[in-house]
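So you can see what is in the structure, the chains are spelled out below.
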Amino acid sequence: MTGGDDADSRHIVITGGNRGIGYALVGALSSRGDPVTFTARNYDRGAAALSRLRRENPRAQLSLELCDLTSVESIKSFARKLVAEKRLVHTLVHNAGVLRAPGERQLTASGIEITLATNALGPALLTTALLPALAAAPASRVLIL
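For the structure given in this document, a descriptive report is provided here. (Residues numbered from 1 in each chain as written. Predicted model: local features only at pLDDT ≥ 70, side-chain atom pairs only at ≥ 80, totals over all residues. Heavy atoms only, no water.)

**Concerning the overall build of the protein chain**
- Summing up its helical and strand segments, the protein chain has five helices and five strands in all.
- The order of α-helices and β-strands along the protein chain, N terminus first, is β-α-β-α-β-α-β-α-α-β.
- A compact globule built from 145 residues should have a C-alpha radius of gyration of about 15 Å, and the protein chain, at 15 Å, falls within 12% of that.
- Oriented by its inertia axes, the alpha-carbon framework of the protein chain measures out at about 50 × 30 × 20 Å.
- A separation threshold of at least 6 residues defines the contact pool for the protein chain, and within that pool the share at least 24 residues apart is 68%.
- Carbon together with sulfur atoms contributes 55% to the accessible area of the protein chain, which is approximately 7900 Å² in total.
- Mean positive and mean negative side-chain charge positions of the protein chain (17 and 12 charges, respectively) differ by 2 Å. (Helix = DSSP H or I, 4+ residues; strand = E, 2+ residues; numbered from the N terminus. Rg over C-alpha atoms; globule rule 2.2 N^0.38 Å. Contact = heavy atoms within 4.5 Å. Areas by Shrake-Rupley, 256 points an atom, 1.4 Å probe, with all protein chains shown as cover. Lys, Arg positive; Asp, Glu negative; His and termini not counted. Charge placed at Lys NZ, Arg CZ, Asp CG, Glu CD.)

**Observations concerning unusual backbone geometry**
- Even without being glycine, Lys86 reaches a positive phi, approximately 55 degrees.
- Looking at the element boundaries, Lys86 is found in the loop between α3 (72–84) and β4 (91–94).

**Description of the nonpolar core**
- Counting 15 residues, the largest nonpolar core has Ile12, Ile14, Val26, Val36, Phe38, Leu53 and Leu62 as the members making the most contacts within it.
- Among the secondary structure elements, those contributing two or more residues to this core are β1 (12–14), α1 (20–31), β2 (36–40), α2 (43–56) and β3 (62–66).
- Ile75, Phe78, Leu82 and Leu126 belong to the second largest nonpolar core, which has 13 residues in total. (Core = buried A, V, L, I, M, F, W, Y, C linked by side-chain atoms within 4.5 Å. Buried < 20%, exposed > 50% of the residue type's maximum accessible area, 1.4 Å probe, protein only.)

**Examining α1**
- Here α1 is twelve residues long and its end C-alpha atoms lie 17 Å apart, about the 16 Å a rise of 1.5 Å per residue gives.
- Inspection of α1 places Gly22, Tyr23, Val26, Leu29 and Ser30 among the buried residues, and these make up the whole buried set. The buried side chains of α1 occupy one side of the element, clustering within an arc of 145 degrees when seen end-on. What points out from α1, more than 90 degrees from its buried face, is the exposed set Gly20 and Ile21.
- On its buried face, α1 is in contact with β1, β2, α2 and β3.
- Positive phi appears at Gly33, one or two residues downstream of α1, with a value of about 105 degrees. (Expected span 1.5 Å × (residues − 1). Arc of directions from axis to C-beta.)

**Describing the pattern of salt bridges**
- Scanning the entire structure with this criterion turns up three salt bridges.
- Salt-bridge contacts for Asp34 lead to Arg32; the nearest nitrogen and oxygen are separated by 2.4 Å.
- On the accessibility criterion, Asp34 (5% relative accessible area) is buried.
- Arg32 sits in the exposed class, given a relative accessible area of 56%. (Salt bridge = Lys/Arg side-chain N within 4 Å of Asp/Glu carboxyl O.)

**Looking at the sheet that holds β3**
- Strand order in the open sheet made by the five strands is β3-β2-β1-β4-β5, with parallel pairing throughout. Only two strands of the sheet have a single partner each, and these edge strands are β3 and β5 (141–144). The sheet shows a mean angle of 15 degrees between the axes of neighbouring strands, direction not considered.
- Along the sheet, α2 makes contact with β2 and β3, crossing β3 at roughly 175 degrees. (Pairing = 2+ DSSP bridges. Axes fitted to C-alpha atoms, helices over the stretch in contact; angles between N-to-C directions.)

**Details of α3**
- Taking 1.5 Å of rise per residue, 13 residues should cover 18 Å, and α3 covers 18 Å from first to last C-alpha, within 8% of that figure.
- Among all positions of α3, only Ser74, Ile75, Phe78, Ala79 and Leu82 are buried. The arc enclosing the buried residues of α3, seen along the axis, measures out at 125 degrees, which places them on a common side.
- Of the surrounding elements, those touching the buried residues of α3 are β1, β2, β3 and α4 (114–129).
- Remark: Lys86 follows α3 within two positions and exhibits a positive phi of approximately 55 degrees.

If you want it as structure tokens, here you go:
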């Protein structure tokens with residue numbers, strides 16, 4: 001697996017990078033020169049965030065990928081793509097999350113409660129699916145916000 005153009009650059013993957021804390025992380029980490037891949041579950045919102053981020057820092061090495069942490073197929077598809085591209089993942093930041101008010105129970109298409117799928121099961125599956133890219137990177141890290 002290969003890294004970025006610069007031997008010192010560290011490829012960072014951030015889930016839910018299109019708004020809030022994730023958006024701020026993408027901006028801050030990409031401004032250091034590290035290549036950052038961020039995910040969004042909605043293409044239009046992700047593309048809008050990517051456009052804003054590129055205006056804020058035209059030199060940033062950014063890429064947007066779709067990944068819905070409530071969907072096993074979406075997670076596996078994203079991970080297969082990254083692994084197939086032979087991209088090292090030095091840091092995986094699990095930022096995407098949901099918080100539903102009590103009584104607002106919502107299920108995924110496969111019948112799993114959305115909060116559980118997004119905040120726990122999806123990140124666990126994504127980490128497992130990205131193990132080849134994480135294991136190939138020296139001193140890789142997985143962070144959960």
